[in-house]
Amino acid sequence: MKRRWYLLGSAGLCAGDQILKSLTEKKQDEKEERKLAGPVVLRRVSNKGMCLGLLSGQPETVRILSLAASAAVTVSAGAALLFRKGFLKKAGSCLAAAGAWSNTADRFIRGHVVDYIGFRLKNKKLAALTYNLADFYIAAGAFFMVLDSIRSQFLPHRDPRQK
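By convention here, each chain's residues receive numbers from 1 onward along its written sequence. Given that the model is predicted, a residue must reach a pLDDT of at least 70 before its local features are reported, and side-chain atom pairs must reach 80 or more before they are shown or counted; all residues, however, enter totals for whole chains, interfaces and linings. Water and hydrogen atoms play no part in the side-chain values, which are based on all heavy atoms of the structure.

Caption draft 1: Summary view of helix α3 (residues 87–109). To qualify as a helix, a DSSP run of H or I must reach at least 4 residues; to qualify as a strand, a run of E must reach at least 2; elements of each kind are numbered from the N terminus. Given a helix with a known number of residues, its expected span is that number minus one, times 1.5 Å. With 23 residues, α3 should reach 33 Å at 1.5 Å per residue; the first-to-last C-alpha distance of 32 Å fits that figure. At the exit of α3 stands G111, carrying a positive phi of roughly 85 degrees.

Spelled out as structure tokens, the structure:
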């Protein structure tokens, strides 16, 4: 797969999440919850901190950490794209970069991350959690990178010149 498709895909995913966040802020009240499909609901939550509201009272620290993490995952994606092989590593790092930059953009532009996907569950603590697509991009990217790491441990790359 050509490198540009990974980059365009990352940019498109980031933009798509930003569009959904903007629509959520414009059309969804903070207290409102709309059923989407099955246990999935749409709700609007403004998260001023990191994951699960961590460091919510320290917005500057959150912005700096978010920017550093986004830069690190972008460097990782860039390094992965230098090589011909490694679909899982390339896809995973580009997904993670898309999610990281979308949430970082929120922190710098809005001052908080807009979360809008929740689940109706019996467990009240889990039901209270709300996500956005960027969070799913980061999770999927991490999963792909772990798969790549496991694959490389058990199926190391063989040089075709060796017999």
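Text resumes after the structure shown.
Caption draft 2: Broad picture of the packing of helix α2 (residues 59–81) against α3. Axes here refer to lines fitted to C-alpha atoms; in helices the fit is confined to the stretch in contact. Angles between the N-to-C directions go from 0 to 180 degrees. Their axes nearest at 8 Å, the elements α2 and α3 cross at an angle of 155 degrees. The orientation of α2 relative to α3 falls into the category roughly antiparallel. Our pair here, α2 against α3, has a crossing hand that is left-handed. Taken together, the residues of α3 that come into contact with α2 (itself represented by V62, R63, S66, L67, S70, A71, V73, T74, S76, A77, A80 and L81) are K89, K90, S93, C94, A96, A97, A100, W101, T104, R107 and F108. In this classification, Asp, Glu, Lys and Arg are treated as charged, Ala, Val, Leu, Ile, Met, Phe, Trp, Tyr, Cys and Pro as nonpolar, and every other residue, Gly included, as polar. Of the residues in the contact of α2 with α3, the class split is 13 nonpolar, six polar and four charged. Here the word oblique covers every angle except those under 35 degrees (roughly parallel), over 145 (roughly antiparallel) and from 65 to 115 (roughly perpendicular). In this scheme, a crossing is called left-handed if the near helix is turned counterclockwise away from the far one by less than a right angle; it is called right-handed if the turn is clockwise. Here, two residues are considered to be in contact whenever any of their heavy atoms come within 4.5 Å of each other.

Caption draft 3: Inspection of the side chain of Q18 at higher detail. Mapped onto the elements, Q18 comes out in helix α1 (residues 3–27). Among residues more than four places away in sequence, those in contact with Q18 are S102, A105, D106 and R110.

Caption draft 4: Seen up close, a nonpolar patch on the surface. Within this analysis, patches are made of residues with over 30% relative accessible area and no salt bridge. Like charges are joined at 9 Å or less; nonpolar side chains (Val, Leu, Ile, Met, Phe, Trp, Tyr) at 5 Å or less. For accessible areas, the Shrake-Rupley method is used with a probe of radius 1.4 Å. Any residue's cover is judged against the shown protein chains and nothing else. When a carboxyl oxygen of Asp or Glu lies within 4 Å of a side-chain nitrogen of Lys or Arg, that pair is called a salt bridge. On the surface, L67, W101, F108 and I109 cluster together to form a nonpolar patch covering roughly 420 Å² of accessible area. Mapping W101 onto the fold places it in helix α3. Relative accessibility thresholds used throughout: buried, under 20% of the residue-type maximum; exposed, over 50%; partly exposed, between the two (1.4 Å probe, protein chains only). The partly exposed category is assigned to W101, whose relative accessible area is 33%.

Caption draft 5: Highlighting the pairing of strand β2 (residues 40–47). Two strands qualify as a pair provided that DSSP identifies no fewer than 2 bridges between them. As paired strands, strand β1 (residues 33–37) and β2 are joined by four bridges and run antiparallel to one another. Bridge pairing in β2 links K35 to V41. Joining the antiparallel neighbours β1 and β2 is a turn of two residues, in which G38 adopts a positive phi near 60 degrees. Pairing between β2 and strand β3 (residues 113–119): six bridges, direction antiparallel. Counted as the bridge partner of S46 is V114 from β3.

Caption draft 6: The arrangement of the sheet that holds β1 in detail. The four strands are arranged β1-β2-β3-β4 in an open sheet whose pairing can be described as antiparallel. Of all the strands in the sheet, the pair left with one neighbour each is β1 and β4 (130–131).

Caption draft 7: Region of interest: the pattern of salt bridges. Taken as a whole and assessed by the stated rule, the structure comprises 10 salt bridges. K21 is the salt-bridge partner of D106, the closest N and O atoms lying 3.0 Å from each other. With D106 in helix α3 and K21 in helix α1, this pair connects stretches of sequence that are 85 residues apart. Since its relative accessible area comes to 0%, D106 is described here as buried. Close ionic contact of D106 with R110 constitutes a salt bridge, the shortest N to O distance being 2.3 Å. In this structure, a network of salt bridges that share partners links the residues D17, K21, E25, D106 and R110.

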